[in-house]
Amino acid sequence: MKCAILMDNGFEELEAMGPIALLRRGGVDVDVVSVEGNEVTGRFGVTYSPAVPMDDYDFDSIDCLIVPGGPHYKKLETNEKVKKVIRKVFEDDSKVLAAICAAPTVLGKMGLLEGKNYTCFEEMNKDFGGQYHYDYTVTDGNLVTGISAAAAEEFAFAIMEKLCGKEHTDHVKASIYYDAAH
């Protein structure tokens, strides 16, 4: 399995790092893809380098596109190249589209949440034509959404379960959770 996490400067670090680390722990390849340039810096100064510029990336090769939230969402929602990639993944039944916090609002403004169950940062929810749920994560078909940075871990596991199955995901969860009985 292969994921691309697409970010512009200003992404929310927890919403990127959590899924990158947990998916890689679970054996999923995760490529860091920047809107432009070979590095990308989050809202709190964490920089991923190297990153693959999206113009040089083969999105046909992925099983999942992940879009973290953060202030960069304002740039993403006006970037036609980004929206084209998101739409292409959304319309491909063999691929998973995952977005967390502010990022699902980009999908909502594109009309991609119509008729879907989803979550996003509650204060940013508008009438996107779907059914909003105040939950850490919501999976509807090949769409996985997360509510906020606090949900980054569960968001990553929801993606992993969609890609690799529940048994594999439970095994990875067991490898990181503290068991007081031991």
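Note: the structure precedes this text.
Residue indices follow the written sequence of each chain, beginning from 1 at its first position. For a predicted model such as this one, the threshold for reporting local features is a pLDDT of at least 70, and the threshold for listing and counting side-chain atom pairs is 80 or more; totals across whole chains, interfaces and linings nevertheless cover every residue. No hydrogens and no water enter the side-chain calculation; it runs on all heavy atoms of the structure.

A. The overall build of the chain, seen in detail. Helix and strand definitions here come from DSSP, where helices need a minimum of 4 consecutive H or I residues and strands a minimum of 2 consecutive E residues; each element is numbered from the N-terminal end. Counting its regular elements, the chain contains 6 helices and 11 strands. Over its C-alpha atoms, taken along the principal directions, the chain stretches across nearly 50 × 40 × 30 Å. Classification of the 182 residues of the chain by burial places 49% in the buried group. Every residue pair with non-hydrogen atoms within 4.5 Å of one another is taken to be in contact. A separation threshold of at least 6 residues defines the contact pool for the chain, and within that pool the share at least 24 residues apart is 62%. Burial here depends on accessible area, computed with a 1.4 Å probe over protein chains only, as a share of the maximum for the residue type. Under 20% is buried, over 50% is exposed, and the range in between is partly exposed.

B. Region of the structure containing the packing of aromatic side chains. Only centres within 6.5 Å qualify two rings of Phe, Tyr or Trp (six-membered ring in Trp) as a pair; their planes then separate them into stacked at under 30 degrees, edge-to-face at over 60, and tilted for everything else. Under the counting rule described, the total for this entry stands at 5 aromatic pairs. A ring pair is formed by Phe11 and Tyr48, whose centres lie 6.0 Å apart and whose planes are at 40 degrees; its orientation type is tilted. Of the two residues, Phe11 sits in the loop between strand E1 (2-7) and helix H1 (13-25) while Tyr48 sits in strand E4 (residues 47-48), which places them 37 residues apart along the sequence. Overall, Phe11 belongs to the buried group, its relative accessible area being 0%. When the centroid spacing of 6.2 Å and the interplanar angle of 65 degrees are considered together, the rings of Tyr118 and Phe128 count as edge-to-face.

C. Structural context of the pattern of salt bridges. Any Lys or Arg side-chain nitrogen located within 4 Å of an Asp or Glu carboxyl oxygen qualifies as a salt bridge. This model, assessed by the stated rule, comprises 8 salt bridges. In this structure, the salt-bridge partner of Asp31 is Lys2, at a minimum N-O distance of 3.6 Å. In this pair, Asp31 sits in strand E2 (residues 29-34) while Lys2 sits in strand E1, placing the two residues 29 residues apart along the sequence. The class for Lys2 is partly exposed, based on a relative accessible area of 25%. Note that Glu80 is salt-bridged to Lys83, the shortest N-O span being 3.1 Å. Of this pair, Glu80 and Lys83 both sit in helix H3 (residues 80-91), 3 residues apart, which is roughly one turn of that helix.

D. Main features of the sheet that holds strand E11 (residues 143-146). One open sheet holds the 7 strands; their spatial order is E5-E2-E1-E6-E7-E11-E10, and the pairing between them is mixed. Here the strands that pair on one side only, and so sit at the sheet edges, are strand E5 (52-53) and strand E10 (137-140). The pairing criterion for strands is at least two bridges between them, as found by DSSP. In the sheet, strand E6 (residues 64-67) pairs with strand E7 (residues 96-100) via 4 bridges, with the strands oriented parallel. Bridge assignment links Val67 to a residue of E7, and that residue is Ala99.

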